[in-house]
Amino acid sequence: MSHPTADPAVNAAVARAAGLDVTESAGARILEIGCGEGHHLLSLANRWPGAVCIGLDAFPKAIHRARSRAQRAGLKNVRLCEARLSDFEPDAPFDFIIAHGFFSWVPDEVKVGLMDFIAKHLAPHGVAVVSFNVAAGWKERMIVVEKARAIMNAGAEDVMQALALYQTAAEEGREREIIDDMLAKGTAVLAHDDFAPVMDAWSLGAFVKLAESHGLAWLGDSVSGVKGNDAADNMAGRTFRSELLCRGGAVLGEAKKPVGEVSLHEKTRVDEEAGQRRGCRLLDFPKLDEWRMTCAREALPLPDAELKPCVFTFPQLKVLIAMDGTRSVYELSRHAKEVAPELDFVPWLKHVAGRGLLS
Ligand SMILES: C[S@@+](CC[C@H](N)C(=O)[O-])C[C@H]1O[C@@H](n2cnc3c(N)ncnc32)[C@H](O)[C@@H]1O
């Protein structure tokens, strides 16, 4: 599965709505910087055999694994390069540059190098997607990380045991929520996420300033195209952002409406019919599968049955996270009243089921 927020199909739709004449993903040159073992890039290469997909990572083991996966999948349109970004000299520009889970995990000089690289190697109508941790909400997590590290140093066996001990002492509230969220991620994810050796968080304002100082223009959020701001991030305690950039001199034409746009009401009806055809019905104990639950916990769009990303508001995500198969529709509707009072729960749940989001 691709990361929905860094999926060229999604990002191109946002860029086109902003008036940028982006190349069709199916025949594009796509680069992922810090591609790791290739789970994002390889799924894109598999979807678009006519695209040239290049993955770059400095960690030899990751590139080795990505190569073996690409080979086993029979992908002919992938090139995987073991190199540091600062040593990488591509032979042609890219229509899409992806840096997902990279910016916050590298030192500041590499962040600057990333912006330099994008400014130099993005095609005239290309788009770059860069995600990063947002200081507004991440600061609270940093405090939890520091305390958990102190518990580890005092003798806990590993991160999970330190967090479990911490959980018993923490009072109900935000701190406890963060600990619960970390425990749900598990050791492997935590080692590359909250507890990674380099991991920092920036404000959106500082990020945009850095991009603009390299001659890049900011197009907004990579899924919605909305241009957020630091004040709203502070109010919401936002932890993550994924933003779209293009060349400062790129010609922005007239906004193009997505083809086949329909009203939400009409869409709900169509989704319900499609759901019934697929044999979906409302289960008594709705449940998200593990992958979609992870997306909901990370506030990422959830892939529907056709792998199209579905974006939810934060209150709706709170309802989705409660769908672990242990709560009845009735219990969920009561929960929804509390955490998402604006939600018309039953039609919304039918919509969610119709899109094939429930397992
Ligand atoms: C947190 S992982 C993200 C992997 C993947 N993009 C994802 O979203 O799951 C960051 C990756 O960036 C790579 N990396 C870090 N610094 C790098 C550099 N200077 N040049 C190339 N790759 C780098 C690491 O080896 C690692 O695989």
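Scroll up to find the structure.
Conventions adopted
Residues numbered from 1 in each chain as written. Predicted model: local features only at pLDDT ≥ 70, side-chain atom pairs only at ≥ 80, totals over all residues. Heavy atoms only, no water. Near = heavy atom within 4 Å. Polar contact = N/O pair within 3.5 Å; in protein donor to acceptor, adjacent residues only side chain to side chain. Areas by Shrake-Rupley, 256 points an atom, 1.4 Å probe, with all protein chains shown as cover. Nonpolar A, V, L, I, M, F, W, Y, C, P; charged D, E, K, R; others polar. Helix = DSSP H or I, 4+ residues; strand = E, 2+ residues; numbered from the N terminus. Expected span 1.5 Å × (residues − 1). Bend = angle between axes of the 7 residues up to and from the residue. Buried < 20%, exposed > 50% of the residue type's maximum accessible area, 1.4 Å probe, protein only. Pairing = 2+ DSSP bridges. Axes fitted to C-alpha atoms, helices over the stretch in contact; angles between N-to-C directions.

**Observations regarding the site of the ligand**
So, point 1. With respect to spatial proximity, 16 residues lie near the ligand, and among them Gly34, His39, Asp57, Leu85 and His100 are the closest.
So, point 2. Here His3 contributes a side-chain N or O atom positioned 3.3 Å from an oxygen atom of the ligand.
So, point 3. Side-chain polar atom of Asp57 to an oxygen atom of the ligand: 2.6 Å apart, as the coordinates give it.
So, point 4. Calculation on the ligand without its partners gives an accessible area of 600 Å², and the protein chains cover 79% of this total.
So, point 5. Residues belonging to the shell around the ligand are distributed by class as follows: 7 nonpolar, 6 polar and 3 charged.

**Observations regarding helix α7 (residues 174-192)**
So, point 1. Taking 1.5 Å as the rise per residue, α7 with 19 residues should run 27 Å; its terminal C-alpha atoms sit only 22 Å apart, a clear shortfall.
So, point 2. Of all the bends in α7, the largest measures some 110° and sits at Gly186.
So, point 3. Within α7 the residues assigned to the buried category are Ile178, Ile179, Asp181, Met182, Leu183, Lys185, Gly186 and Leu190.

**Topic: the sheet that holds strand β2 (residues 52-57)**
So, point 1. Spatially, 7 strands are ordered β3-β2-β1-β4-β5-β7-β6 in an open sheet, and the strand pairing comes out mixed. In this open sheet, the two strands that pair with only one neighbour each are β3 (78-82) and β6 (216-221). Sheet twist, expressed as the mean angle between neighbouring strand axes with direction ignored, is 20°.
So, point 2. In this structure, strand β1 (residues 29-33) lies alongside strand β4 (residues 94-99), joined through 3 bridges in parallel fashion. Opposite Ile30, over in β4, you have Phe96 as the bridge partner.

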